[in-house]
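If you want the building blocks of each chain, they are given just below.
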Amino acid sequence: MILIDPPRWPHRGTVWSHLVSDDSYEELHAFAAGMDIPRRAFQGDHYDLPQERYDRAVELGAVPTDSRELLRRLVASGLRRRRQRPSAAASSRS
């Protein structure tokens with residue numbers, strides 16, 4: 001299932017939603033391609049979607065859900081990828 005949370009994450013003068021699948025990355029990439037979202041916009045386990053594209057995503061079948069439920073479902077699916085934090089060694093080289 002494709003899930004989308006409300007557009008509430010501010011960045012670059014707009015607010016953004018997260019678009020995820022609780023089934024597979026293939027499902028997510030196919031849905032994004034159907035919305036003409038380039039693959040380079042993939043953020044490791046989700047796509048960020050600007051508020052002006054939210055309604056279209058829902059029309060195409062994305063299920064609106066709150067951010068906590070979206071994250072819970074993403075984690076439960078095993079598709080959640082945590083951000084890599086720079087290691088202490090890498091930080092000391094900067």
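The structure this text deals with has already been given above.
Treat the numbers as computed from the prediction; the structure is a model and nothing was measured. Starting afresh in each chain, residues are numbered from 1 along the sequence in its written order. Local features are withheld for residues below a pLDDT of 70 in this predicted model, meaning they are given only at 70 or higher, and side-chain atom pairs are given and counted only at 80 or more; totals for whole chains, interfaces and linings count all residues. Side-chain numbers here rest on the full set of heavy atoms in the structure, without hydrogens or water.

Asks: I'd love a proper account of the overall build of the protein, names of residues and values included.
Replies: Elements are defined by DSSP. Helices are runs of H or I of four residues or more, strands are runs of E of two residues or more, and each kind is numbered from the N terminus. Counting secondary structure elements, the protein contains four helices and five strands. Starting at the N terminus and walking to the C terminus, you meet the elements of the protein as β-β-β-α-β-α-β-α-α. Put simply, the protein has 94 residues, and 32% of those count as buried. Two residues qualify as a contact provided that any one of their heavy atoms is within 4.5 Å of a heavy atom in the partner residue. Partitioning the contacts of the protein with sequence separation of at least 6, the portion at a separation of at least 24 is 57%. Computed with a 1.4 Å probe, the accessible areas rest on the Shrake-Rupley method; for each residue, only the protein chains presented here act as cover. Accessible area for the protein stands at about 6,400 Å²; split by element, carbon and sulfur atoms hold 49% of it. Partly exposed residues are those whose accessible area sits between 20% and 50% of the maximum for their type, while under 20% is buried and over 50% is exposed, using a 1.4 Å probe and protein chains only.

Asks: Tell me what's going on with the nonpolar core, and back it up with residues and numbers.
Replies: Across soluble globular proteins, nonpolar side chains have a tendency to be buried as a group. Buried Ala, Val, Leu, Ile, Met, Phe, Trp, Tyr and Cys residues form a nonpolar core when they are joined through side-chain atoms within 4.5 Å. By size, the foremost hydrophobic cluster in this structure holds 13 residues, and its most contacted members are Ile-4, Leu-19, Phe-31, Ile-37, Ala-57 and Ala-62. Breaking this core down by element, the ones donating at least two residues are β1 (2–4), α1 (25–34), β4 (47–50) and α2 (54–59). Counting residues per element, this core draws most heavily on α1, at three residues. Dropping the residues within four chain positions of it, Leu-19 is found in contact with Ile-2, Leu-3, Ile-4, Leu-28, Phe-31, Ile-37, His-46, Tyr-47 and Ala-62.

Asks: How would you summarise the pattern of salt bridges if you had to cite specific residues and measurements?
Replies: Pairing between side chains of opposite charge can happen when the charged atoms of each approach one another. The term salt bridge refers to a side-chain nitrogen of Lys or Arg lying within 4 Å of a carboxyl oxygen of Asp or Glu. In total, this model carries five salt bridges according to the counting rule given. The salt bridge involving Arg-56 is made with Glu-59; its shortest N-O contact spans 3.2 Å. Highlighted residues: Arg-56 and Glu-59, both in helix α2, separated by three residues, approximately one helical turn. For Arg-56, a relative accessible area of 46% translates into the label partly exposed. Through salt bridges with shared partners, one network takes in Asp-22, Glu-69, Arg-72 and Arg-73.

Asks: If you had to explain α1 to someone new, which residues and values would you point to?
Replies: Tyr-25, Leu-28, His-29, Phe-31 and Ala-32 are the residues of α1 that are buried. Across the axial projection of α1, the buried residues extend over an arc of 160°, all falling on one side. Seen from the open side of α1, the exposed residues pointing more than 90 degrees away from its buried face are Glu-26, Ala-30 and Gly-34. Where α1 is buried, its residues touch β1, β3 (14–21), β4 and α2. The first or second residue beyond α1 is Asp-36, which carries a positive phi of 60°. This arc is built from the directions going out from the helix axis to the C-beta atoms.

Asks: Any chance you could break down helix α3 (residues 67–77) for me, citing the residues and the numbers?
Replies: The complete set of buried residues in α3 reads Ser-67, Leu-70 and Leu-74. Here the buried residues of α3 occupy an arc of 60° about the axis, which is enough to place them on one side. Residues Arg-68 and Ala-76 are exposed on α3 and point more than 90 degrees away from its buried face. Two N or O atoms count as a polar contact when they lie within 3.5 Å, although within protein this holds only if one can serve as hydrogen donor and the other as acceptor, and sequence-adjacent residues are included solely when both atoms are side-chain atoms. Residue Asp-66 occupies the N-cap position of α3, its side-chain oxygen lying 3.0 Å from the main-chain nitrogen of Arg-68.

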